[in-house]
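Topology and contacts: notes
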Amino acid sequence: MWNKRFIMTILLAWFLIAGAWATHNRAGEITYVQLDEFTYEITITTFTNTQPTTSGWPPVDRPVLEIAFGDNTTAMVERVEMIDLPDYYRKNTYVTTHTFPGPGTYELVVEDPNRNEGVSNIPNSVTVVFSIKTIMQINPALGPNSTPQLLSPPVDKAALNRLFIHNPAAWDPDGDSLAYKLTPCTGENGQPIEGFTFPDDITMNETTGDLVWDKPTELGVFNVAILIEEWREGVKIGQITRDLQIEVYETDNMPPEVLSEQQICVEAGDSVNIEIMGYDPDGDELVLTPLGGAFEVANPAIFTISGTAADTTYGAIRWGTDCSHIRRQPYLLVIKAEDQDEDIPLADLHHIQIWVNGPPTQFTAITPTNNSIELSWFNPSCATNGYDLYRKTQSYQWTFDPCITGIPVGSGYEKIGSVEAGTTSFTDNAGGAGLPQGFQYCYRVVPRYDDAVGYSSAEVCETLIRGVPVITNVSVERTDSLNGKIYLAWSKPTEIDTLEHPGPYNYKVFRSPDLWGSNFEPTPIATLSGLNDTLLVDSGMNTAANAYSYKVELHNNNGLVSQPMVASTLWLQANGADNRVALTVEKNVPWINQSYAFYRVDGPDETLLAEVDSLSYTHQDLPNNESFYYRVKSTGSYTESGFVYPIVNFSQIAEGVPIDTVPPNAPAISVVANCDAFYNEINWQSTDAEVVDVELYYASRTDKPLSMLQKFLYPDTTMYRHTPELSVSGCYAAKAIDSAGNKSNFSTKICIDSCDYYELPNVITTNNDGINDVFRPKASDDIVLKTIAEAEVQIFNRWGNLVYETTDPLILWYGRDKHTGKLVPNGVYYYICNLKEKRISGLEERYKVGFVHVYHTK
């Protein structure tokens, strides 16, 4: 063991010495694979130069690289593979294992001096440190994660004035979403390189990962970095940065072109068959290289060359998919066609997206009851994680599309529940409330597969057995606080199971003083014998102040036959605003209302204002402070036949009073500081003609709340001079108040901090004439002490000797040496003031330096 440590220490020391001329790094990236909760296998991949520099320095080989793990630890990582490639490239692979201390975000960084020489967009690249980094997030709540694997190497060639495309061919084995961005190359400490520039006309497709350089116009070597982000369930869980090197050559060679399908969707278990054609305009031989996750999985896709003819090469992809291939994200395949031109080989990239989707299940039974529907289905051919159930009233069909899984947006289907794997039945009873009668209910079931949903089942539809009373009318006939009246009607049940529930029958009617039936009285308000009496007029309630809901129960001698439905009156609210009344309707009914007619009520007369399909209407252009009365009529129906049509109901009569509740616009203010007089002048103006008052607010600092200074009559007063207690700095805002008492929002807050009260003279004359006898701030003592909280002042002579110091903000230097007490010689003196000033943001440190001329005159 000590031999190995000794050798690595010697190697590291040699690397540090050789770093001054180590000019070899071209490109690279850091990837990792999670092994267990906190342990990862980390792979560093670099591409280095094997050609000596123009000055003859040999390239340096790195058998070992150092990595910083982002947890305050580092490690020396040994190379496990070295491959020498054409054009003086060497691929180096370093692998290590590291256990992190726990959940968190970690930045993995590798630095190695230096980059290869001659990189056109990195100033003096031969002296710039090469670095790559990857950010990982360990979060048990998000599950395990490994970085995407980049299957295309980070070195490429481009032709002058020809379109260039590079794709990293990223394959994420976890099925996470990937997003791509351009980012600057990094140097020392993993920071962006100073002076780095992107080549002109280079862009990044954030979805496909295509780096597109629209016809390079300059020969040379260029480096850019690609940032690849991993996203899972809307959360960014990590990112890796690929440092990419592109060499631009001048050539007459024309790049090839690849053609094939670009998007294919299949059900797991089906075969994928894709024909590829590569064409070279110069007739060069082509090499077609397939890249992508479909070639990396178990039971992978297979690519073969099927033939060549003149300037064209044909290939084929065959893939027998299975259940293990199901995933939410598509498999991105990159087909690279590279010609074998003797001058400069050029390439074209072609993308193919393959979705492998989970198979559907189908319903085997649908069984209705009075207020519920039981559903059953079979397990599909692939193991699921569970099933999601969807419901819609009335049928909705869509054309099958192999690329659409789950339920399409806009279908009207709503998710009503989920079950775990192994469960193949579900009872829909509206969460225990019971399904209302009168509708056709349609269902679909969608299997879940890991992070993906499968295809939807076919639709099945059914109606409930009509074994309960179906309410059709709950209409207010009289609005009164004591003797209100409500008309209640229902349809009798027609499909009672008389064997299970034999007669005789009766109805029991219950009332609740609210919309939702949450306070039903235990005693029925009425009991009606038989099935044919289906009307009731309920009276003696406060219909002016309350909505009411009802349920009609069917009973026999054994008690309740089935759960009843609940329906309420229409509740109309009339809310007054400035010159208008906003009318809104609330209701809790099982049928569907198609329209609402809003009426103005004037004694026995009613005037139709509007008939709309929404629950609201605004009556406008009304005088304020007058009462207006309204009621609304709804018109609706059940979707199934056999019920009253149309279903018409009325609300209570509601009163609305237009009141000006709209606040005025905030005033516009301006603030100017008068530093000499120590006050701020605030002016304000309002664009609203109804403003009668303005409130002015002030805060001494930006981090303190505004408090009101004073209220002013408007437009009588539009200006105020404010003298702050401590400093002219501060923040101001205002509010406007209109004649109805409505108050605006705050105006834009304006903060001012422009006065400098610590101006020092540049000359003092110690002749006791009362003019410039002392070195001190020009402002008055009161102002200086208000604005300066602390001071440290030092004064030096021309030789740097300290002649005076004080912590008094007023300074008060009379030109005498602190050591001797004698007048200092005539001359120039240098001062340093370290101040803590009371500013708008609080106490701020400020350094003030300068010169003062000292003259002793008689």
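Above this text is the structure in question.
Reference entry: report on the structure contained in this document. Because the structure is a prediction, the values reported are computed rather than measured. (Residues numbered from 1 in each chain as written. Predicted model: local features only at pLDDT ≥ 70, side-chain atom pairs only at ≥ 80, totals over all residues. Heavy atoms only, no water.)

Moving on: the overall build of the protein. Of regular secondary structure, the protein possesses two helices and 60 strands. Computed over the C-alpha atoms, the radius of gyration of the protein is 41 Å, more than 25% above the 29 Å expected from 2.2 N^0.38 for a compact globule of 858 residues. Within the protein, buried positions represent 49% of all 858 residues. Contacts in the protein between residues far apart in sequence, at least 24 positions, make up 66% of those at least 6 positions apart. In the form shown here, the protein has an accessible surface area of approximately 40300 Å², with 49% of it arising from carbon and sulfur atoms. (Helix = DSSP H or I, 4+ residues; strand = E, 2+ residues; numbered from the N terminus. Rg over C-alpha atoms; globule rule 2.2 N^0.38 Å. Buried < 20%, exposed > 50% of the residue type's maximum accessible area, 1.4 Å probe, protein only. Contact = heavy atoms within 4.5 Å. Areas by Shrake-Rupley, 256 points an atom, 1.4 Å probe, with all protein chains shown as cover.)

This next bit is on a nonpolar patch on the surface. The grouping of Val-828, Tyr-830, Val-849 and Phe-851 at the surface amounts to a nonpolar patch, some 350 Å² of accessible area in total. Elements with a contribution of two residues or more to the nonpolar patch: strand E59 (827–839) and strand E60 (842–855). In this structure, Val-849 sits in strand E60. A relative accessible area of 49% means that Val-849 is categorised as partly exposed. (Patch = residues over 30% accessible without salt bridge, like charges linked within 9 Å, V, L, I, M, F, W, Y side chains within 5 Å. Salt bridge = Lys/Arg side-chain N within 4 Å of Asp/Glu carboxyl O.)

This part covers the sheet that holds strand E42 (residues 580–586). Judged by pairing direction, the sheet is antiparallel, and its three strands sit side by side in the order E41-E42-E45 without closing on themselves. Strands at the two margins of the open sheet, each flanked by one partner only, are strand E41 (571–577) and strand E45 (616–620). Across this sheet, the average inter-strand angle for adjacent strands is 20°, counted without regard to direction. (Pairing = 2+ DSSP bridges. Axes fitted to C-alpha atoms, helices over the stretch in contact; angles between N-to-C directions.)

Nonpolar side chains tend toward joint burial in soluble globular proteins. The biggest cluster of nonpolar side chains holds 42 residues, and the ones touching the most others in it are Trp-684, Tyr-758, Phe-775, Ile-795, Ile-811, Trp-813 and Tyr-829. Contact partners of Ile-795, with chain neighbours within four places excluded, come to Phe-775, Asn-801, Leu-802, Val-803, Tyr-804, Trp-813, Tyr-829, Tyr-830 and Tyr-831. Ranked by size, the runner-up nonpolar core spans 41 residues in total, among them Tyr-387, Leu-435, Leu-488 and Tyr-507. (Core = buried A, V, L, I, M, F, W, Y, C linked by side-chain atoms within 4.5 Å.)

Before going further, it helps to examine the side chain of Thr-569. Its location among the elements puts Thr-569 in the loop between strand E40 (566–568) and E41. Look at Thr-569 and you get buried, because its relative accessible area is 2%. When sequence neighbours within four positions are dropped, the list of residues in contact with Thr-569 reads Val-474, Val-476, Ile-486, Leu-515, Ala-547, Tyr-548, Glu-586 and Lys-587.

With that settled, the discussion passes to the sheet that holds strand E49 (residues 668–674). Pairing is antiparallel in the open sheet, where three strands are placed in the order E49-E50-E53. At either margin of the open sheet sits one strand with a lone partner, and together these are E49 and strand E53 (719–722). Direction aside, neighbouring strands of the sheet carry axes that sit 20° apart on average.

A few words now on the side chain of Arg-79. Assignment of secondary structure puts Arg-79 in strand E4 (residues 74–85). Within the structure, the side chain of Arg-79 is placed 2.7 Å from the side chain of Asp-61, a separation counted as a polar contact. Aside from chain neighbours lying at most four places away, what touches Arg-79 is Asp-61, Arg-62, Pro-63, Arg-90, Asn-92, Thr-93 and Tyr-94. (Polar contact = N/O pair within 3.5 Å; in protein donor to acceptor, adjacent residues only side chain to side chain.)

Our focus in this paragraph is the state of the cysteines. Evaluation of the coordinates by the stated rule reveals four disulfides. Linked covalently through their sulfurs, Cys-323 and Cys-382 form a disulfide whose S-S length is 1.9 Å. Because the sign of the S-S torsion sets the handedness, a value of about -75° for the bond joining Cys-323 and Cys-382 places this disulfide among the left-handed ones. Within this pair, whereas Cys-323 is found in the loop between strand E22 (312–320) and strand E23 (331–339), its partner Cys-382 is found in the loop between strand E26 (373–377) and strand E27 (386–393), the two being separated by 59 residues in sequence. For Cys-323, a relative accessible area of 38% translates into the label partly exposed. On the basis of relative accessible area, Cys-382 is assigned to the buried category, the value being 2%. Here Cys-731 is linked by a disulfide to Cys-751, with a sulfur-sulfur distance of 2.1 Å. Sign of the S-S torsion, about 105° for the bond between Cys-731 and Cys-751, identifies this disulfide as right-handed. (Disulfide = S-S within 2.5 Å.)

Scope: geometric values only; no functional claims are made or implied.
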